[in-house]
Amino acid sequence: MSLVLNDVTVSRGVGPVISNVSLEVKPGQITTLVGPNGAGKTSLIEAIAGVITPSGGTIVMDDVDITKLSKRKRSRAGLSIVEQGRMIFPSLTVKENLQLTARTKADMDEALALFPELEKRLNNQSILLSGGEQQMVVLARAFAAKPKYLLLDEMSLGLAPVVFMRLLPVIEGIAKSGVGVLLVEQFAHLALKIAQDSVVVTSGRVSYQGDPKALLKDAELLRQKYMG
Amino acid sequence: MREDFGPPAHDSLSRYFPYTLQERTEKMIIVNGFAGLTQGAFFAIIGILLTLMSQLTRVVNFSQLAVGMFGGFVGMTLMMNPDIQLNIWLALVVSIVISAALSGIIGWIIATWLPSAPISNRSAVTVAALLLIVSTASVLFGANHSNFTPIVSGNVTQFTIPGGQIVFVSQSLVALLALAFVILIASSILLKRTMFGVRLRAISDRQSAAELIGVNVKVLNVGVWVISGALISLAIGFVPATISNDYISFSLLIIGGSAAALVGAFKNPWLALVGGLLIGALQGVCSAIPQIAPYRDWVVFILILVFLLWNQRKEVWDVAR
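Everything quoted here is computed from the prediction, not taken from an experiment.

Draft legend 1. Molecular detail of the sheet that holds strand E9 (residues 197–202) of chain A. Residues and elements named next belong to chain A. The sheet built from 6 strands is open, its strands ordered E6-E7-E8-E3-E9-E10 with mixed pairing. Looking along the sheet, the strands with just one partner apiece sit at the ends: strand E6 (79–82) and strand E10 (205–210). The mean inter-strand angle of the sheet, taken between neighbouring strand axes irrespective of direction, is 15°. Bridge analysis of strand E3 (residues 30–34) against E9 gives 4 bridges, and the strand direction is parallel. Bridging from a neighbouring strand, Thr32 pairs with Ser198 of E9. Sitting on the sheet, helix H5 (residues 131–144) is in contact with E6 and strand E7 (149–153), with an inclination near 175° to E6. Strands in contact with helix H6 (residues 161–176) are E3, E7 and strand E8 (180–184); relative to E8, the strand with the most contacts, it is inclined by about 150°.

In structure tokens form, the structure reads like this:
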């Protein structure tokens, strides 16, 4: 039981941006996907979530091939994504944002337990929140859906490192609750610290797959893998 | 002596026409301005529906009125057919169902094949649908058709303005205004108090993100189209027979409705209501002044122009800032 990518190729415009990538995200674990800008990390995440269709390979979630499923069906099957750029619904209140995915009040309460500071902002329009709070809403909303697998794409984008540090333990907590997390992150050293598995992608290909601690210990190895 | 021959000629005339031309024109302006409110209320409903659709489905639906008109003609044909002679209320139900279905089909086409297209492309499809419906109506119902039979007629009340002129308040005006308010209040409750509305607002904010969290965007979008088609058909049922309803001129009332929506910048349906009434009243006023009566339809154009210039002025100010 895991989220498995087999030889996934994603093409955009003139050619492939991701070539034959295979990886596995296990339940209860954080797999960190790192790489330089333009390596194809976001394209890969979008292919898993169904935003774009892979031109090759398969995506299998808990032994079910989801490669051809629509975004909505993937979401219903237990896949949640936190996209880049704080994708709140700005005209909705915090509570309404959470209600979109929470099926029961218990789901909502569990999501709010991740970020108690949101409780007093429940009836505020989400556009009026700070960047960090907006990202909390997005993460809580994704968790309220009770996902089996959670895709997190560059959550730290536009956030102060101190704010991002507040999110990291929450991501760890989500993984400990049994959710498989695929974490794409620009702050590689922070992401690798909380991960159990790591993948480095360079120019659309996997240049490293294995223990994140090895990359953390050996700065030269990390640099080499980043450069391809 | 002059008195021996009675009052002067103009005094004698004034017995029959007690007001000067200017006074009569002023009174006609009030009477016609009020009469224009009926068409204005219809513009307002079109404007409100255009605004809601634009916000919720990212489309300026130029086919809206044509869809309602098509349903109306089907209902009326069934009413007039000597073999069927459908009751007026049943005919209205048939009209509403057909308009809703037709609108739903257009919505489905756009939601299926142009889900992420820009608003201009999606709106262009509705122009094509407008032309298709008008030409189909022409083929199906022929060139010589009767006017719609409104489901309400006559006046609710009348009152006299200073000077003795009588102003009538038609049932059509009351019904159309009531429908406009019902749409505004019901849509506000629906959007703010129900999960259906919350999902619609989420789609309106970020369609792709809504889909990614499992919202059934396509079904909800088509639902908005269906409801819009049903409502415009119901509104047409209240339109008095005095409003021209040959296929083309009736379908083109969408321009007046668009101007009403423009008053609310396609964002505020309450301002669309005000805009619709304003346009109707202004057109009525113009028709009371013989010198400008032939140009009464220019009101819509002038209003659109003024609004766009006003908007541009703000943009220039923003750039300067």
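Further notes follow.
Draft legend 2. Summary view of the nonpolar core. In terms of nonpolar packing, the biggest core is built from 81 residues, with Phe42, Leu65 and Phe250 of chain B touching the most fellow members. Among the elements that line this core, the one with the most residues is helix H2 (residues 21–57) of chain B, at 13 residues. Membership of the second largest hydrophobic core comes to 40 residues, among which are Leu98, Leu112, Leu114 and Ile194 of chain A.

Draft legend 3. Spotlight on the confidence of the model for chain B. Scored by pLDDT, chain B comes out at a mean of 85, with 87% of its residues at no less than 70. Across the interface, the model reports ipTM at 0.89; the global pTM reads 0.84.

Draft legend 4. Region of interest: the interface of chain B and chain A. With 17 residues of chain B at the interface, the matching set in chain A holds 20 residues. For chain B, the biggest contributors to the area lost against chain A are Arg206, Leu212 and Ile213 of chain B; these three give 38% of the whole. Where chain B touches chain A, the interface holds 2 salt bridges. Ionic pairing is found between Glu211 of chain B and Lys71 of chain A, a salt bridge with its closest N-O pair at 3.2 Å. Across the contact surface, chain B and chain A share 10 residue pairs in polar contact (both at pLDDT 80 or more). Put simply, the parts of the chain that give the side of chain B that touches chain A at least two residues each are helix H7 (195–205) and helix H8 (207–212) of chain B.

Calculation rules
Residues numbered from 1 in each chain as written. Chains lettered and ligands numbered in written order. Predicted model: local features only at pLDDT ≥ 70, side-chain atom pairs only at ≥ 80, totals over all residues. Heavy atoms only, no water. Pairing = 2+ DSSP bridges. Helix = DSSP H or I, 4+ residues; strand = E, 2+ residues; numbered from the N terminus. Axes fitted to C-alpha atoms, helices over the stretch in contact; angles between N-to-C directions. Contact = heavy atoms within 4.5 Å. Core = buried A, V, L, I, M, F, W, Y, C linked by side-chain atoms within 4.5 Å. Buried < 20%, exposed > 50% of the residue type's maximum accessible area, 1.4 Å probe, protein only. pLDDT = per-residue confidence, 0-100. Buried area = accessible area lost by both parts, 1.4 Å probe. Salt bridge = Lys/Arg side-chain N within 4 Å of Asp/Glu carboxyl O. Polar contact = N/O pair within 3.5 Å; in protein donor to acceptor, adjacent residues only side chain to side chain.

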